[in-house]
Amino acid sequence: MLPASFQYQRPSTLDEALALLAEHGEDGKVLAGGQSLIPLMKLRFAAPEHLVDINRIPGLDGLSEEDGVLRIGALVRNATLERSDLLKSRYPVMAAAAPMISDPIVRNLGTVAGSLVHADPAGDWGSVMLALGASVVLRSSRGEREVPMGEFLVDTFTTSTEPDEILTEVRVPAPAPGSGGTYLKLERKVGDFATVAVGVQLTLANGTIGRAGIALTAVGSKNIEAEEAEGYLSGAEPTEEAFAEAARLAAQASDPQSDVRGSADYKRHVVEVFTKRGLATAYEMAGGGS
Amino acid sequence: MEITVTVNGVERTADVEPRLLLAHVIRDSFGLTGTHVGCDTTSCGACTVLLDGVPVKSCTMFGVQADGREVTTVEGLAAGGALDPIQDGFKQEHGLQCGFCTPGMMLVTKALLAGNPDPTEDEIRWAISGNVCRCTGYMNIVKAVQWAARNMAESRTAEPAAASTS
């Protein structure tokens, strides 16, 4: 399948890329890993007139933690995250999600930033970042702004990114001591989109729950932050009953559709089971009960 | 747009439309039809090639993106006409039936063994999880990879001097 014709541009600096996007407006599109954009172009769901390939721009592939913030550059591939020891030791929810995203070959090219900008409600990174309380940096020739994940994700395939902006960096606050998290994903087979997935991040403080992050994949028009469940857990005793109630609230926050992957009722039930299971795992990781 | 790509060690140039996929450029511009286009939807892995040593699906990358980079296709495996141990493994262990998925399977194996010369069965199965075999011949594909890993380890032990200079 051939995409519609387009002009290909390969700037070597970020400023040059931003100038091109400012010039082309709605007709321009950023090409990073291309693992979502190119399939869409082949199906003619997307037909940008100008493609700005940012793959050769130096300095966009950084992955490091400094001053309590993990910074993930626009060109960091999923495979890099999958192999990162830093994530395995400090960001278990990301480490759990990375190997379950598509398949190993796609992960060699696909980027975290690209997945977030694509904003597929069945995409995994949106939920992971919501659970972690992350934000994104959007740069344009007009300047730079940092947008919390909840405001960034607007609707299906829709984010608050303006046509002249590039998502240059994802910022994840480093988890406090006594934190744990995980990502549970139900898929029909390796490489499939989630039937349902749940990301959980928990921080314990003096025996009670400090912060709880819970976000849901593929059960609504976008990745859903289960705010009621999070609010219920904040300050609560970390008991089995509390986790069960939070799981019930998370299922209530989901809005799944019946499709080839399962009925709405089934998916809502999986949200509840996964949330409860995820919270128990995160609690154990955070050092609770020991 | 004119692009220059090092294909299997040889510098090649082609004048291509930006919308042509790398799989098209390899097959039509460079005439290397060992790279198969299966699903054309990023799912099956038959079109897998190595880009600077890393497996990518050539149906989901534009040819112009490979400009100035190195591409290895299945034709690049048999150096100087001698079968690569991976090809030999697929032959010895009956790792193919119809053969359509085989180029992708072998290139993924090439990258796997370069980074992990002694993979477990689990690691092999994970490595090929982006490649679909419609004959469902996975058992023998796994055995073929194991054969190649064993064979490559044996040649390293037998010829340590040669291995260190290769």
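If you're wondering where the values come from, they're calculated on a predicted model, not measured in any experiment.

Draft legend 1. Representation of the overall build of chain B in the model. Secondary structure assignment for chain B yields six helices and five strands. In summary, chain B has a C-alpha radius of gyration of 16 Å against a globular reference of 15 Å for 166 residues, a match within 12%. The C-alpha extent of chain B, read off along each of the three principal axes, is 45 × 40 × 25 Å. Within chain B, buried positions represent 46% of all 166 residues.

Draft legend 2. Representation of helix α8 (residues 125-132) of chain A in the model. The element α8(A) is extensively covered by neighbouring structure, given that eight of its eight residues are classed as buried. Phi turns positive, to about 70°, at A:Gly133, one or two residues after α8(A).

Draft legend 3. Expanded view of the nonpolar core. With 140 residues, the main nonpolar core has A:Ile54, A:Val93, A:Leu116 and A:Ala250 as its most contacted residues. Other than its neighbours up to four places away in sequence, A:Leu116 contacts A:Trp125, A:Gly126, A:Met129, A:Val136, A:Leu167 and A:Val170.

Draft legend 4. Just the sheet that holds strand β11 (residues 179-186) of chain A, in detail. Residues and elements named next belong to chain A. In spatial order, the strands read β11-β12-β13-β14; together these four strands make up an open sheet with antiparallel pairing. With one partner strand each, in any of the chains shown, β11 and β14 (224-225) form the two edges of the open sheet. Strand direction decides the pairing type here: strand β12 (residues 196-205) and strand β13 (residues 208-217), joined by eight bridges, are antiparallel. Considered in β13, the bridge of Ala-197 is made with Thr-217.

Draft legend 5. Spotlight on the interface of chain A and chain B. Between chain A and chain B, the contact holds 20 residues from the first and 21 residues from the second. Those elements that place two or more of their residues in the side of chain A that touches chain B are α2 (37-42) and α6 (104-109) of chain A. Among the elements that line the side of chain A that touches chain B, the one with the most residues is α6(A), at five residues. Of the residues contributing to the side of chain A that touches chain B, the split by class is twelve nonpolar, six polar and two charged.

Draft legend 6. The sheet that holds strand β3 (residues 50-53) of chain A, seen in detail. Residue and element names in this part refer to chain A. Spatially, β1-β3-β2 is the arrangement adopted by the three strands of the open sheet, whose pairing is parallel. Only two strands of the sheet have a single partner each, and these edge strands are β1 (7-9) and β2 (28-31). Mean inter-strand twist for the sheet, computed between neighbouring axes without regard to direction, equals 25°. Note that β2 and β3 share four bridges and pair parallel. The residue bridging Leu-31 from the neighbouring strand is Asp-53, located in β3. Here helix α1 (residues 14-24) sits on the sheet in contact with β1, β2 and β3, set at roughly 165° to β3.

Draft legend 7. Representation of unusual backbone geometry in the model. Phi angles above zero are rare outside glycine, and A:Arg44 is one such case at about 65°. Position of A:Arg44 among the secondary structure elements: in the loop between α2 and β3. The backbone of B:Asp40 shows a phi angle near 60°, a positive value even though the residue is not glycine.

Draft legend 8. Local environment of the packing of helix α2 (residues 85-92) of chain B against helix α5 (residues 138-158) of chain B. Residues and elements named next belong to chain B. Axis separation between α2 and α5 bottoms out at 8 Å; the angle between their running directions is 135°. Classified by the angle between their axes, α2 and α5 sit oblique to one another. The chirality of how α2 crosses α5 is right-handed. Residues Pro-85, Ile-86, Asp-88, Gly-89, Phe-90 and Gln-92 of α2 touch α5, and the partners they reach there are Ala-144, Val-145, Trp-147, Ala-148, Asn-151 and Met-152. Its residues assigned to classes, the contact of α2 with α5 shows eight nonpolar, three polar and one charged.

Draft legend 9. A look at the environment of A:Ala212. Residues and elements named next belong to chain A. With respect to the secondary-structure elements, Ala-212 resides in strand β13. Measuring from C-alpha to C-alpha, the distance between Ala-212 and Ser-179 comes to 9.6 Å, with 33 residues separating the pair along the chain. Other than its neighbours up to four places away in sequence, Ala-212 contacts Leu-202, Glu-230, Leu-233 and Ser-234.

Draft legend 10. Main features of the environment of A:Gly68. Residue and element names in this part refer to chain A. With respect to the helices and strands, Gly-68 occurs in the loop between β4 (63-66) and β5 (69-73). For Gly-68, a count of 10 C-beta atoms within 10 Å corresponds to the exposed category. Counting along the chain gives 77 residues from Gly-68 to Arg-145, while the straight-line C-alpha distance between them is 19 Å.

Draft legend 11. Layout of the domain arrangement of chain B. Residue and element names in this part refer to chain B. When its domains are assigned, chain B resolves into domain 1 (2-76) and domain 2 (79-158). Taken residue by residue, the interface counts 17 residues in domain 1 and 13 residues in domain 2. Put simply, the parts of the chain that give the side of domain 1 that touches domain 2 at least two residues each are β3 (48-51) and β4 (54-57). Of the residues forming the side of domain 1 that touches domain 2, the biggest block, three residues, is contributed by β3. For the side of domain 1 that touches domain 2, the class distribution of residues is eight nonpolar, nine polar and no charged.

Draft legend 12. How the structure looks around helix α3 (residues 102-115) of chain B. Counted at 1.5 Å a residue, the expected span for α3(B) with its 14 residues is 20 Å, and the 20 Å between its end C-alpha atoms agrees. Of all 14 residues that make up α3(B), eleven are buried, and the element is covered over most of its length.

Draft legend 13. Representation of the domain arrangement of chain A. Residues and elements named next belong to chain A. Assigned domains of chain A: these are domain 1 (7-51), domain 2 (63-173) and domain 3 (179-285). One C-alpha centre belongs to domain 2, the other to domain 3; they are set 19 Å apart. Counting residues at the interface gives 23 residues for domain 2 and 25 residues for domain 3. Counting only elements with at least two residues in the side of domain 2 that touches domain 3, the list comes to α5 (92-97), α8 and β8 (153-155). In terms of residue count, the dominant contributor to the side of domain 2 that touches domain 3 is α8 (six residues). Residues that form the side of domain 2 that touches domain 3 fall into these classes: 13 nonpolar, seven polar and three charged.

Draft legend 14. Just the pairing of β3(A), in detail. All names here are of chain A. The sheet contact formed by β1 and β3 spans three bridges and is parallel. Its bridge partner being in β3, Tyr-8 is matched across the sheet by Leu-51. What joins β2 to β3 is α2, and the crossover it makes is right-handed.

Calculation criteria
- Residues numbered from 1 in each chain as written.
- Chains lettered and ligands numbered in written order.
- Predicted model: local features only at pLDDT ≥ 70, side-chain atom pairs only at ≥ 80, totals over all residues.
- Helix = DSSP H or I, 4+ residues; strand = E, 2+ residues; numbered from the N terminus.
- Rg over C-alpha atoms; globule rule 2.2 N^0.38 Å.
- Buried ≥ 20, exposed ≤ 12 C-beta atoms within 10 Å, placed from the backbone.
- Core = buried A, V, L, I, M, F, W, Y, C linked by C-beta atoms within 7 Å.
- Contact = placed C-beta atoms within 7 Å.
- Pairing = 2+ DSSP bridges.
- Nonpolar A, V, L, I, M, F, W, Y, C, P; charged D, E, K, R; others polar.
- Axes fitted to C-alpha atoms, helices over the stretch in contact; angles between N-to-C directions.
- Parallel < 35°, antiparallel > 145°, perpendicular 65-115°, else oblique.
- Left-handed = near helix turned anticlockwise from the far one by under 90°.
- Domains from an automatic or database assignment.
- Expected span 1.5 Å × (residues − 1).
- Right-handed = clockwise from strand over helix to strand, strands pointing away.

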